[in-house]
Every structure is written in structure tokens, then in C-alpha cells.
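Here is what each chain is made of, one letter per residue.
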Amino acid sequence: MSLSPEEKAKTSEKFEKLKTTQRPENSVGLSSVKSAIGQVSKYMNPADAFKLALKMNQKGGFDCPGCAWPDPDDERSSLGEFCENGIKAIAEEAQNKTIGTDFFAKYSVDELASWSDFEIGKSGRLAEPMFLPEGATHYQPMSWEDAFKKVGEHLNALDNPDEAAFYTSGRTTNEAAFLYQLFVREFGTANLPDCSNMCHEASGSALSETLGIGKGSVTLDDLYKAEVVMVVGQNPGTNHPRMLTALEKCKKNGGKIIAVNPLPEAGLIKFTNPQNPIKILTGGTQIADVFVPITINGDVAFFKAILLRLLEKEDVRGNVFDKAFINEFTQGYDAFITDLKRYNFDDCLKASGVSLEIFNDVFDLILNNDKIIICWAMGLTQHENAVDNIRELVNLLLLKGSIGKEGAGTCPVRGHSNVQGDRTVGIWESAPQAFLDKIEDKYGFKPTNKHGYSVIDAIKAMHEKKAKVFFGLGGNFISAVPDTAYSARALANCNLTVHVSTKLNRSHVVTGKEALILPCLGRTEKDYQKSGVQVQSVENSMGVVSATKGVLEPCSSDLLSEVAVVCGVAHATLKERSKINWLEYKDDYKLVRDDIAEVVDGFKDYNKKLKQPAGFYLPNGARNRQFKTKTGKANFSINKLPKWKLKKDELIMMTIRSHDQFNTTIYGLDDRYRGVFNERRIIFMNRDDMKARRLEEQQVVNLKSEYKGFIREANNFKVVGYDIPKNCCATYFPETNVLVPLDSFAHTAKTPASKSVIIRIEANQ
Ligand SMILES: Nc1nc2c(c(=O)[nH]1)N[C@H]1C(S)=C(S)[C@@H](COP(=O)(O)OP(=O)(O)OC[C@H]3O[C@@H](n4cnc5c(=O)[nH]c(N)nc54)[C@H](O)[C@@H]3O)O[C@H]1N2
Ligand SMILES: Nc1nc2c(c(=O)[nH]1)N[C@H]1C(S)=C(S)[C@@H](COP(=O)(O)OP(=O)(O)OC[C@H]3O[C@@H](n4cnc5c(=O)[nH]c(N)nc54)[C@H](O)[C@@H]3O)O[C@H]1N2
Ligand SMILES: [Mo]
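Rules and cut-offs
- Numbering of residues starts from 1 in every chain and runs along the sequence as written.
- By the order in which they are written, chains take letters starting at A while ligands take numbers starting at 1.
- Local features are withheld for residues below a pLDDT of 70 in this predicted model, meaning they are given only at 70 or higher, and side-chain atom pairs are given and counted only at 80 or more; totals for whole chains, interfaces and linings count all residues.
- To get the side-chain values, all heavy atoms of the structure are used, and hydrogens and water are removed first.
- Here, a salt bridge means any side-chain nitrogen of Lys or Arg that lies within 4 Å of a carboxyl oxygen of Asp or Glu.
- Secondary structure counts use DSSP, requiring at least four H or I residues in a row for a helix and at least two E residues in a row for a strand, with both numbered from the N terminus.
- For the exposure calls, accessible area comes from a 1.4 Å probe over protein chains only, and a residue counts as buried if that area is under 20% of its type's maximum, exposed if over 50%, partly exposed in between.
- To be near a molecule or strand, a residue needs just one of its heavy atoms within 4 Å of it.
- N or O atoms closer than or at 3.5 Å make up a polar contact, with two conditions inside protein: a donor-capable atom paired with an acceptor-capable one, and, for residues adjacent in sequence, both atoms drawn from side chains.
- Exposure was quantified through the Shrake-Rupley algorithm and a 1.4 Å probe, taking into account, for residues, occlusion by the shown protein chains and nothing else.
- In this classification, Asp, Glu, Lys and Arg are treated as charged, Ala, Val, Leu, Ile, Met, Phe, Trp, Tyr, Cys and Pro as nonpolar, and every other residue, Gly included, as polar.
- For this analysis, residues touch if any pair of their heavy atoms sits within 4.5 Å.
- Each pair of aromatic rings taken from Phe, Tyr and Trp, with Trp reduced to its six-membered ring, is defined by centres within 6.5 Å and is described as stacked if the planes are under 30 degrees apart, edge-to-face if over 60, and tilted in the remaining cases.
- For a Lys NZ or an Arg CZ to count as sitting over a ring, it must be within 6 Å of the ring centre and within 35 degrees of the ring normal.
- By convention a nonpolar core is built from buried Ala, Val, Leu, Ile, Met, Phe, Trp, Tyr and Cys residues, the set being connected through side-chain atoms within 4.5 Å.
- One bridge is not enough; two strands pair if DSSP finds at least two bridges between them.
- Throughout, the protein atoms alone are placed on a 1 Å grid, and a set of points is a cavity if a 1.4 Å probe fits but cannot get out or a pocket if it is open with protein on both sides within 12 Å along at least five of seven lines; lining residues have an atom within 4 Å of a point.
- Grid points are joined across faces, edges and corners, and a volume is the space filled by probe spheres set on the points.
- UniProt positions are given in the numbering used here, feature names are shortened, and annotations may be inferred rather than shown by experiment.
- Domain start and stop positions are those given by an automatic or database domain assignment.

Caption draft 1: Structural view of the pattern of salt bridges. The full count for this structure, using the stated rule, is 45 salt bridges. Across the pair Glu-525 and Arg-125 runs a salt bridge whose closest N-O atoms are separated by 2.9 Å. Here Glu-525 is found in the loop between strand 17 (514–519) and strand 18 (528–529), whereas its partner Arg-125 is found in strand 4 (residues 125–126), with 400 residues between them in sequence. Grouping residues by exposure puts Glu-525 and Arg-125 together as buried. A salt bridge links Arg-674 to Asp-671; the nearest nitrogen and oxygen atoms lie 2.8 Å apart. Across the pair, exposure class does not vary: Arg-674 and Asp-671 are buried alike.

Caption draft 2: Region of the structure containing the site of ligand 2. Within the structure, ligand 2 sits among 29 residues, and Tyr-167, Ser-169, Ala-480, Glu-562 and Thr-664 are positioned closest to it. Contact distances for ligand 2 include 3.1 Å between an oxygen atom and a backbone N or O atom of Gly-475. Taking Thr-664, its side chain carries an N or O atom lying 2.6 Å from an oxygen atom of ligand 2. Burial of ligand 2 by the protein amounts to 96% of the accessible area it has alone, namely 930 Å². Grouping the amino acids of the shell around ligand 2 by side-chain chemistry returns 10 nonpolar, 14 polar and 5 charged.

Caption draft 3: View of the environment of Phe-359. Turning to its location among the elements, Phe-359 is positioned in helix 20 (residues 356–368). By relative accessible area, Phe-359 is classed as buried at 0%. Measuring from C-alpha to C-alpha, the distance between Phe-359 and Glu-227 comes to 18 Å, with 132 residues separating the pair along the chain. Apart from the residues lying within four places of it in its own chain, the contact partners of Phe-359 are Phe-302, Ala-305, Ile-306, Arg-309, Phe-345, Leu-349 and Val-354.

Caption draft 4: Layout of the packing of aromatic side chains. Within this structure, the stated rule accounts for 32 aromatic pairs. For the pair Phe-302 and Phe-359, a centre-to-centre distance of 6.2 Å together with 85° between the ring planes defines the contact as edge-to-face. Of this pair, Phe-302 sits in helix 16 (residues 299–317) while Phe-359 sits in helix 20, placing them 57 residues apart in sequence. On the accessibility criterion, Phe-302 (1% relative accessible area) is buried. When the centroid spacing of 5.9 Å and the interplanar angle of 80° are considered together, the rings of Tyr-606 and Phe-616 count as edge-to-face. With Tyr-606 in helix 31 (residues 606–609) and Phe-616 in strand 22 (residues 616–617), the pair connects residues that are 10 residues apart, well separated along the chain. In this structure Phe-616 comes out as buried when scored by relative accessible area, which is 5%. Through pairs of rings, three or more aromatic residues link up here, namely Phe-166, Tyr-180, Phe-183, Phe-187, Phe-471, Trp-582 and Tyr-585. One residue, Arg-681, lies across the ring of Phe-717, its end atom 4.4 Å from the ring centre. The lysine or arginine in question, Lys-718, covers the ring of Phe-15, its NZ or CZ lying 4.6 Å from the ring centre.

Caption draft 5: Local environment of the nonpolar core. Among the nonpolar cores identified, the biggest contains 60 residues, and Met-230, Phe-302, Ile-306 and Ile-374 are the most heavily contacted of them. Beyond its immediate chain neighbours, meaning those up to four positions away, Ile-306 contacts Met-230, Phe-359, Val-362, Phe-363, Ile-366 and Leu-396. In this structure, Trp-144, Leu-155, Val-563 and Val-565 belong to the second largest nonpolar core, which totals 59 residues.

Caption draft 6: Layout of the environment of Met-378. Relative to the elements of secondary structure, Met-378 occurs in helix 21 (residues 378–381). Aside from chain neighbours lying at most four places away, what touches Met-378 is Met-198, Cys-199, His-200, Gly-233, Arg-657 and Lys-755.

Caption draft 7: Up close: the site of ligand 1. Close contacts around ligand 1 come from 32 residues, with Asn-261, Glu-265, Asn-297, Gln-661 and Asn-663 the closest. In the environment of ligand 1, a nitrogen atom lies 3.2 Å from a nitrogen or oxygen atom belonging to the backbone of Thr-238. Between an oxygen atom of ligand 1 and a main-chain N or O atom of Gly-379, the distance comes to 3.4 Å. Out of a free accessible area of 920 Å², ligand 1 has 99% covered by protein chains.

Caption draft 8: Looking closely at unusual backbone geometry. A cis amide bond links Phe-733 to the next residue, Pro-734, at an omega of 10°. Mapped onto the fold, Pro-734 is located in the loop between strand 31 (728–732) and strand 32 (757–763). With a phi close to 50°, Asp-483 is a non-glycine residue in the positive phi region. Looking at the secondary structure, you find Asp-483 in the loop between helix 26 (477–480) and helix 27 (484–492). Among the residues examined, Asp-483 registers a relative accessible area of 5% and is labelled buried. One non-glycine residue, Asn-727, lies in positive phi territory at about 70°. Positionally, Asn-727 belongs in the loop between strand 30 (710–722) and strand 31. Accessibility expressed as a relative area gives 35% for Asn-727, which makes it partly exposed.

Caption draft 9: Expanded view of helix 25 (residues 455–463). Among all positions of helix 25, only Val-455, Ile-456, Ala-458, Ile-459, Ala-461 and Met-462 are buried. Buried residues in helix 25 make contact with strand 7 (164–168), strand 15 (469–473), helix 26 and helix 27. Backbone geometry just downstream of helix 25 places Lys-465 in the positive-phi region, at approximately 60°.

Caption draft 10: Fine view of the pairing of strand 30. With 5 bridges connecting them, strand 28 (residues 682–686) and strand 30 associate as parallel partners. Among the inter-strand pairings, Phe-684 is bridged to a residue of strand 30, identified as Val-720. Sheet analysis places strand 29 (residues 700–707) next to strand 30, joined by 7 bridges and oriented antiparallel. Paired with Tyr-707 across the strands is Phe-710, a residue of strand 30. Hairpin geometry of strand 29 and strand 30 is characterised by an intervening segment of 2 residues between the two adjacent antiparallel strands and by a positive phi of about 45° at Lys-708.

Caption draft 11: Highlighting empty space enclosed by the protein. Under the criterion given, the structure shown has 4 cavities of 30 Å³ or more. What lines the second largest cavity is a set of 13 residues, and nearest its centre among them are Ser-12, Ser-116, Leu-669, Arg-680 and Glu-735. When the residues that make up the lining of the second largest cavity are grouped by side-chain class, the tally is 3 nonpolar, 3 polar and 7 charged.

Caption draft 12: Structural detail: the UniProt feature "domain: Molybdopterin dinucleotide-binding" (unreviewed entry) in the protein chain. UniProt records the feature "domain: Molybdopterin dinucleotide-binding" (unreviewed entry) at residues 651–757, using the numbering of this structure. Here residues 651–757 is 6% helix and 41% strand, with 8 Å between the C-alpha atoms at its ends.

Caption draft 13: View of the layout of surface pockets. In this structure, the largest pocket spans a volume of roughly 1600 Å³. Lining the largest pocket are 46 residues; nearest its centre among them are Ser-208, Ile-213, Gly-214, Trp-428 and Pro-432. Going through the elements one at a time, helix 10 (201–211), helix 23 (419–424) and helix 24 (433–443) are the ones with two or more residues in the lining of the largest pocket. By residue number, the principal contributor to the lining of the largest pocket is helix 10, which donates 6 residues. When grouped by side-chain class, the residues that make up the lining of the largest pocket number 14 nonpolar, 20 polar and 12 charged. In this structure, the lining of the largest pocket is formed jointly by two domains, domain 1 (5–26 + 645–763) and domain 2 (201–412), each of which donates at least three residues.

Here it is as C-alpha cells:
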């Protein structure tokens, strides 16, 4: 009997051997060097590892495939911009073990589905194209030519191009992403869901509306010069370790750091720079000057409390707000102040869960400084009111005039290494008309101006059988998206699912009637094409575009680059009806960049500028106080206090990353900085909440989420008592994605509310 899609999509419920210890105060340092070496030696020969370490994030080397934190423009450490989790990301990709015909003949799709995500990830690099025929139990090999033909046949058999959805994950380079969206638009749809829909979409929505650009405004240099940096809803010690070096530099220059987070995350509390041997021996820097243990989704309330107090002071002193800035550059101030006065400070502070004492520490820093930077990540973007979270922090920056000047501004810290670049070059289901017009001018076809599917729309469309072909350029759709069971059924409804991937993942086993796995080169590998080894490019979190070039030989001779895959699929699908010579681009990626230079703002002389060792900055209006909004000014916004309430027994749950994972890729089973070892099926709980429910440490529980009358379940989790505010709890993504309702998402942006899932806990006898 074959497993149902819902069963295949479920993470393994098997327990490992959980061990917990006291949460360590220090992060990074010697233990991280050890952990990284351990990870590398599992997979790679030492000579390759050394070569990679020297080239990672170096000028002329390759861009780390991990996070999107920028590299310093000038001095870079000679040991590579070392980062434990960066090393893990490249070790994961640059491994020697490969899988192909024999592996897939041995293991059926059902058997692979029964493995844990950790086991799936360990199997090795995908080495040849594989095809799963309808009704078959095993994948079988297929030539590239036949695979392209297969995709083309399915796409051309659709009644309408809108019956296909083309997903992108944020590792895709600018060159591949630009060609991909060009193909999709020429094919005739704007169905371009991407990982940013689940990530920083809420930031993009809020920032575009208020400041006229969906990206952050600061540079690394600003971070060094800020007087106050707030790090809100972000765990840099694990997810952006090199950011700690920038925060450390800011502190050295006299800056103060405020961490706003339900958890006392290790990197924020203490940090030892791994490139500084003296510090490793003597202990690290205390990074956060003030730690604010906010309740989950208490951020609008917390910001409102700050805004209210500022207004009180302004009324008395008259010099708290930057009136010159407000008058010249903003719009909506009066309406904003009128609305703010409807709220009461005590109510707001209470809703945030923060004590008055801690609030006062934060308030003093905000009141007395105006070079303020606010950094944030998923802790703010994955709520129903995520857009409000970000608009409210923008209100604070606007009042203080803390934008578009040195040491001040917005800093949404991006996830995937090129998620920002992908959007810049056109991976956007609702791209602006001006961009579509430029495509029309250049290529002579008219791209649809209908908005396409975002991730949530695509899942619904597949579920309703309105979309019948799913194509994924990178990523692990089924494990990344919310509402796993519903989404699995959606994928299974498709006629064809296709994944362009480096590694095996769960999406390869939760398939449509037919399925293809198309293996591609990773960032670390040399990309040989007719004109020689290709350079590609990526954009980091601060809008710097730089070159990336692989240094290792490809792990299999049967891999294609993402660019070549896109060109192959486009050619096989569009054939003579295309206005574009698809096969030309893959021979020389400079041609792609010449096109990008013509179509996308800010890329003039792209090929030439890419030769600058540290890359080049894209234009950024907010950085220069040129706010390209509908009003031509920076807009104050009016945001309601979120009204969610917990019923008796309910908790609010955030789904977060452990220290040993990159999104759905599980490197290991430890979460060292939180003192958790050898287990991922855990739930972090406040000890009083445990007592009230008579739950013991390590007791096994089942989790239930009820949303609009529908109950979702995830079973077998062990309770871990932790320093987390009352009524809050945390579990790891993707194990609990099954609990995240598809209909619970951020207004305007449709980012799934993965950080505010309301659950109940039941003891499992
Ligand atoms: N090693 C590694 N690096 C990565 C990734 C990875 O998985 N592994 N993923 C990459 C990607 S795609 C992304 S988007 C980023 C993600 O980077 P993060 O956003 O740092 O990742 P999360 O684990 O989702 O952590 C969210 C943080 O927000 C806090 N939080 C949750 N809810 C709230 C809230 O309501 N309010 C506040 N103030 N805080 C809250 C959590 O306690 C946690 O510290 O990292 C990127 N870098
Ligand atoms: N509950 C919950 N859900 C979440 C989140 C959360 O915090 N909580 N976070 C969300 C966020 S922020 C994000 S960004 C998404 C991530 O969603 P995705 O981007 O879809 O997921 P990843 O796990 O990053 O994708 C990993 C896969 O990408 C493939 N891959 C790796 N490198 C390459 C490459 O160079 N090229 C190609 N073609 N493939 C490659 C490998 O096969 C690997 O298995 O998940 C979202 N889902
Ligand atoms: Mo992300």
C-alpha cells in the first residue's frame, strides 16, 4: 500500500535521545570552530575544505550560500569571513557523496518518505536527472533532453498558462532568476511564488508603502556608527553570525544594543569573535545592553508604548521629535498623532509583557539618541499583523528623524543569500507596471499585468486543481510552507511537479502524478560553459551586488547550472513561438547581465561594475531621503493594537530555527546555544505554564491548533522548561508547520503567521 501525500509530507515522529543542559551564555568562540570542523570533516576531504574556507566571502571567491548578511567593503579577515553556520552550509553542499540511478532503484519513494529530514539530507548530492512516472514506486533516470521535453509537453498541454506555478527559493543567482522570470512571463503567466512570500514579504509591503522602497536603508558602515541598534525578532547568533561582528564594532564605537525577543538568544547575550583568539580565551563581549523579554506578538504594543511616552515628552519639552525632518520629508503626522492619543500607555505596556523597569531602560536610549537603527527578521514578519509591526517601527524612526542619515535607518535582515536579488531582477508575482513595460520594450512580447499567485495562492490553486504543474527552482516547498497536510494534497493534485535541486529533500517525495528531479550545480562549484568558467552575481541584505564564482570541481558531470536548466526548459517549451534566443544565454552569462542592465534600474554597466572587487551598491532612495511613495514623502501610518486573546489552556507558539539547520535542511540534532542536544521534537515552555498543566521535563505531549473551527495536530514532542515568557512556547520549523493554518497570514503581504500559532497541549499517556 502506498503512503498518502499527507503521510509522506509528515516529519518522522521518532524520538532520538534528548539531553538538555544549562543554556550557555557565550556564543560562537572555540566551540563553534570545533563544531564547524566536525561538520566539514563528515563530508569533505580536508584539501577541499581548506580551499573553500579561503575563498568564502572573499573578493574574487564565492558568496556563502548561507545567509544574506553583507561582507565588509574593505578589510576582510584572511581566514575567510568565518562563520560556523556558513561553513556548515558549504559543507552540506560541497560533499563528495552523490546519489543517482542506484540509490533511487534501491529506495522507493515511500521508503524515502519514512526517513527523517536529517536522514534525507545526509543521503548526498543529487547527481543525475530522475523521473517518477505515474503510479511508479521508484524514480528512474532520464536524459536532460527528455526531461526538458517532458516539462515542455506538460506546460503546453495546459488550457491556460495560469495553470502553472513557478516557485523560486532565494539561493538562485541574479542571472538564473532574471531568465527564469523572463521565461515565465513569455510563457504567459505571473505565477511566481517565492520563498520571500514566507519570509520578508511583510517588510517589503510595509517599507514600500511608508518609505518607497521594499529594502532596508542602512549600510554596514551605518551599523558601526549607530548610537542605538535595536535587534527585534531576530536570532543573529545562529542565523546571521557575522552580524555579531558588526554589532561588536558598533559597541566599540560607543553604540548601545537593545535585543527585543521572547528568548534570551545566546549570541545577543554574549559573543566571542572566532577570528580573535584572545577573546576566545578570555570570554566574549556582552552584546545586548538591554534585553527585552517581550511576549510573542507583543511588538506593536511595545512600540506604541514607546511612541506614547515620546509624545508625552515632546508635549513637555518640544525638542524630542525631529520637526524639521517631519515637516520637510513626511506625510500623515497629524492623523498619526491623533490616532496614537487614543491609546493608553499602561494598556500597551501590559500587552507587550515587558516590565516598566526594562521599558524605561529602552526608553532612555531612544529618547536621548537619534542615530537609531532597527534590525529585524522573522520574529516581526510572520504574524497576521506583521505589516503593522514594521510600519510601527518606521513611525518611531520617522518621529526621531532616524532615517536617511549616517548611523540611522531600517535594517530588515534577509534570509537566503540572494532572496533580495531575486526580487530585484523580477521574481515577483505582482511586479510593477514600469518593469513589465521595460520587458515589453526589450523583448517584444506583452507580459501579463494580472497579479500572479504568491505561495499561499499557489497552494490553494493546486488544491482546487486550478494549477496543475508545479516547478520549483531550488527550495523545499512542502517542508517550507504552512499547513503541511493541506499543501501535500495540493501538490499531489498536480499533473507534474518539478524540482531543480542540489540535495534530496521531502518535496521530491510529495509529488504530483509525475515528477522530475533536475540536479544542478551549487554555489561552490565551477560552472563551465562554452565561453569558460562563469561568474554569477548576488545582492546582499544591504543592496550590494557582487560576483560569485565556484572554486570546486562539480560533484557530478551530469549537473547543469540553474541558468542552463532555465534555458533548456524555456527552449523546449516555447520553441519557435519565442522571441528570445534561449540557448545563447547559457554559453555566456555576460549576455544575461547585458539584458538585466537594460531592463532593471540600477544595473547600468553591470558587467563592468561587477569587476569591482567588493561589488556595487544599488540605488536606494530612502538612504538619501528620497521617498518614492505614492505621496512622494515618507508616510506615517496608523496601526491598530492587535486584538488576539488566548483562551484558557491556550498558548501562543512561534516556530523557530535551531542552531543546526538551514531552513528545512537539518545539519544535526543539536541546538547548542539553547542547551538542547540530540532532539528536534521538543517544545520550549515557561516553567509556570508546565506546572499549571502538571507537565514534567521531557514529558511527551501532543499539540493541537484550532483555527476557525478546524483542528490541526502534531504529535510526540518532549517538553523542555525554558526562559520564555508565560503563555508563550516555541517549537522548531518544519516539524510543526502542520499546525500553521494556511488562512492565517499577514494582511497585505500574505506572509504565513508562523510565529503566532495558537495551540493547546495534551499529555500523551
Ligand atoms: N544557520 C542558519 N542561518 C539562516 C537560516 C537558517 O535556517 N539557519 N535561515 C535563513 C533565512 S531564510 C532567514 S529568513 C533568516 C531567519 O532568521 P531569524 O528571523 O533570526 O530566524 P528564526 O529562527 O525564525 O528566529 C526568529 C527570532 O524571532 C524571535 N521571535 C519570535 N516571535 C517573536 C515576536 O513575536 N516578537 C519578537 N520580538 N521576537 C520574536 C524568536 O525568539 C527568534 O529569536 O535566517 C537566515 N539564515
Ligand atoms: N513554520 C515556519 N515555516 C517557515 C519559516 C519559519 O520560520 N517557520 N520560515 C520561512 C522562510 S523565512 C523561508 S525563506 C522558507 C524557506 O523555504 P525554501 O527556500 O523553499 O527552503 P530551503 O530549506 O531553504 O530549501 C532547501 C533546498 O534547496 C535546495 N538547494 C540548496 N541550494 C541550492 C542551489 O544552489 N540551487 C538549487 N536549485 N537548489 C538548491 C536543496 O535541494 C535543499 O533541499 O521557509 C519558510 N517556512
Ligand atoms: Mo527566509
